[in-house]
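Results of the structural survey
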Amino acid sequence: MTGLVIKNTGSWVDVRTEQGEVVQCKVKGNFRLKGIRSTSPVVVGDYVTFERNREGTAFIDNILPRRNYIIRKAINLSKQSHILAANIDLCLLVVTLREPVTSVVFIDRFLATAEAYSIPVSIIINKVDILSDEELAEAERLADLYKAIGYDTLLASVTERRGLEALPDMLKDKTALLAGNSGVGKSELLNMLVPTARAKTAPISEAHLSGMHTTTFSEMYDLPFGGRLIDIPGVKGFGTFNFEREEVSHFFREIFQVGRNCRFGNCMHLNEPGCAVLQAVERGEIARSRYNSYLNMLDDEDESKYREGY
Ligand SMILES: Nc1nc2c(ncn2[C@@H]2O[C@H](COP(=O)(O)OP(=O)(O)OP(=O)(O)O)[C@@H](O)[C@H]2O)c(=O)[nH]1
Ligand SMILES: [Mg+2]
Ligand SMILES: [Zn+2]
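Thresholds applied
- Residues numbered from 1 in each chain as written.
- Chains lettered and ligands numbered in written order.
- Predicted model: local features only at pLDDT ≥ 70, side-chain atom pairs only at ≥ 80, totals over all residues.
- Heavy atoms only, no water.
- Donors = N, O, S within 2.8 Å, 3.2 Å for Na, K, Ca; no water.
- Tetrahedral: all angles 85-135°; square planar, octahedral: opposite > 155°, others 65-115°.
- Buried < 20%, exposed > 50% of the residue type's maximum accessible area, 1.4 Å probe, protein only.
- Helix = DSSP H or I, 4+ residues; strand = E, 2+ residues; numbered from the N terminus.
- Lys, Arg positive; Asp, Glu negative; His and termini not counted.
- Salt bridge = Lys/Arg side-chain N within 4 Å of Asp/Glu carboxyl O.
- Polar contact = N/O pair within 3.5 Å; in protein donor to acceptor, adjacent residues only side chain to side chain.
- Contact = heavy atoms within 4.5 Å.
- Near = heavy atom within 4 Å.
- Areas by Shrake-Rupley, 256 points an atom, 1.4 Å probe, with all protein chains shown as cover.
- Nonpolar A, V, L, I, M, F, W, Y, C, P; charged D, E, K, R; others polar.
- Phe/Tyr/Trp six-rings, centres within 6.5 Å; stacked < 30°, edge-to-face > 60°.

1. Overview of the coordination of the zinc ion (ligand 3)
Donor atoms from the polypeptide that coordinate the zinc ion (ligand 3) comprise Cys-262 (SG), Cys-267 (SG), His-269 (ND1) and Cys-275 (SG), at 2.1 to 2.4 Å from the metal. Here the zinc ion (ligand 3) is ringed by four donor atoms whose angles at the metal span 102 to 115 degrees, and the overall shape comes out tetrahedral. Going along the chain, you hit the donors of the zinc ion (ligand 3) in the pattern C-x4-C-x1-H-x5-C. As far as burial versus exposure is concerned, Cys-267 and Cys-275 are alike and both buried.

2. With respect to the side chain of Glu-272
By the element assignment, Glu-272 lies in the loop between helix H5 (253-259) and helix H6 (276-282). Although buried, Glu-272 forms no salt bridge, and the nearest oppositely charged side chain, Arg-245, lies 7.9 Å from it. A distance of 2.7 Å separates a polar atom in the side chain of Glu-272 from the backbone nitrogen of Met-268. Beyond its immediate stretch of four places on either side in the chain, Glu-272 contacts Phe-264, Cys-267 and Leu-278.

3. Describing the site of ligand 1
Asp-129, Ser-182, Lys-186, Glu-188 and Thr-215 are the nearest of the 23 residues found near ligand 1. A distance of 3.4 Å is found between an oxygen atom of ligand 1 and a side-chain nitrogen or oxygen belonging to Ser-157. Ala-202 places a polar main-chain atom, nitrogen or oxygen, 3.3 Å from an oxygen atom of ligand 1. Calculation on ligand 1 without its partners gives an accessible area of 660 Å², and the protein chains cover 90% of this total. Among the elements that make up the shell around ligand 1, the one with the highest residue count is helix H4 (residues 186-193) (three residues). Tallied by class, the residues present in the shell around ligand 1 amount to six nonpolar, 13 polar and four charged.

4. Digging into the coordination of the magnesium ion (ligand 2)
Within the first shell, the magnesium ion (ligand 2) binds the protein through Ser-187 (OG) and Thr-215 (OG1), at distances of 2.0 to 2.1 Å. One end of the pair, Ser-187, is in helix H4; the other, Thr-215, is in the loop between H4 and strand E12 (218-222), with 28 residues separating them in the sequence. In this structure Ser-187 comes out as buried when scored by relative accessible area, which is 7%.

5. Observations regarding the packing of aromatic side chains
Taken as a whole, this structure holds six aromatic pairs when the rule is applied. With a centroid separation of 5.0 Å and an interplanar angle of 50 degrees, the aromatic rings of Phe-243 and Phe-251 are classed as tilted. Each member of the pair, Phe-243 as well as Phe-251, is classed as buried. Between the aromatic rings of Tyr-291 and Tyr-294, the centroid separation amounts to 6.1 Å while the plane-to-plane angle is 35 degrees, which identifies the pairing as tilted. With Tyr-291 and Tyr-294 both in helix H7 (residues 288-298) and three residues apart, the pair spans about one turn of that helix. On the basis of relative accessible area, Tyr-291 is assigned to the buried category, the value being 7%.

6. Comments concerning the pattern of salt bridges
Scanning the entire structure with this criterion turns up 14 salt bridges. A salt bridge links Asp-222 to Arg-16, with the nearest nitrogen and oxygen atoms 3.1 Å apart. With Asp-222 in strand E12 and Arg-16 in strand E2 (residues 13-17), the pair connects residues that are 206 residues apart, well separated along the chain. Here Asp-222 falls in the partly exposed class, since its relative accessible area comes to 41%. For Glu-115, the salt bridge goes to Arg-253, with nearest N and O atoms at 3.0 Å. In this pair, Glu-115 sits in helix H1 (residues 104-116) while Arg-253 sits in helix H5, placing the two residues 138 residues apart along the sequence.

Below, the structure written as structure tokens:
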């Protein structure tokens, strides 16, 4: 039997067959993906085959080839990877300036990973309702920055139903992944778009102003206007996985573009003479925050520099 993975709790996996039947499956203990050590080999969005054994338990025995996936390094210093979801058309990256603070390095690391797998990202800067005028101006600057690079960016308040009018058109008939730190409002947004989802949401910790990791499993929901939305647990850090130093700049769109004018074809944009990227940063044509994120990712070789929070 073949089906689509619509839920992964860690202990079991729900697979929906073409006939619409949902079958609870186990993943065989010795099941390993070729060449990838992953915290969970089967993820939401995967197409899989499964068999029922004599006792009636269903076991997944194969993952069909993935069109794409979003992967990160599971934890600092770890060689393990964590695949967030597979076969996705679009990522909705939900970020907040406050409660919790999403770091720009986190945003840029996520964008670079999606770029590496050619997955479009739209950014939702959420919770604008709690921002001061000054903070709102900062949110607008951030939105302008990412729009200029080519990412659709919305300033929004999910709880006040503001700024989200474009979403149905953006999501229609696509499989989209909700990503971001814990507490930014992913499940709240899911519940707005799919009221029957009734996903658990919870206030962030007052003491730490960070999310409480309320969502503990990944699940795909059908959108009422067509398409699918995947809600996943919030991630803290976003360590990039298996990037070569030389290719990091390819995943920063504007750096890649300007970098074609560098004097040396193999310019790393660090301190080389005739570096067009450095000049563009000096002139303010490339945002310093983006350039800093680029440097930050180059430093991943030195693993001690990757910390949770990114
Ligand atoms: N003020 C305000 N609060 C919001 C907004 N959107 C969500 N929240 C609140 O933020 C808290 C966290 O929202 P969740 O949807 O649980 O966050 P999450 O991203 O799913 O978090 P995890 O499941 O832990 O990854 C809840 O109390 C929400 O009601 C918003 O636009 N404005
Ligand atoms: Mg959630
Ligand atoms: Zn250069």
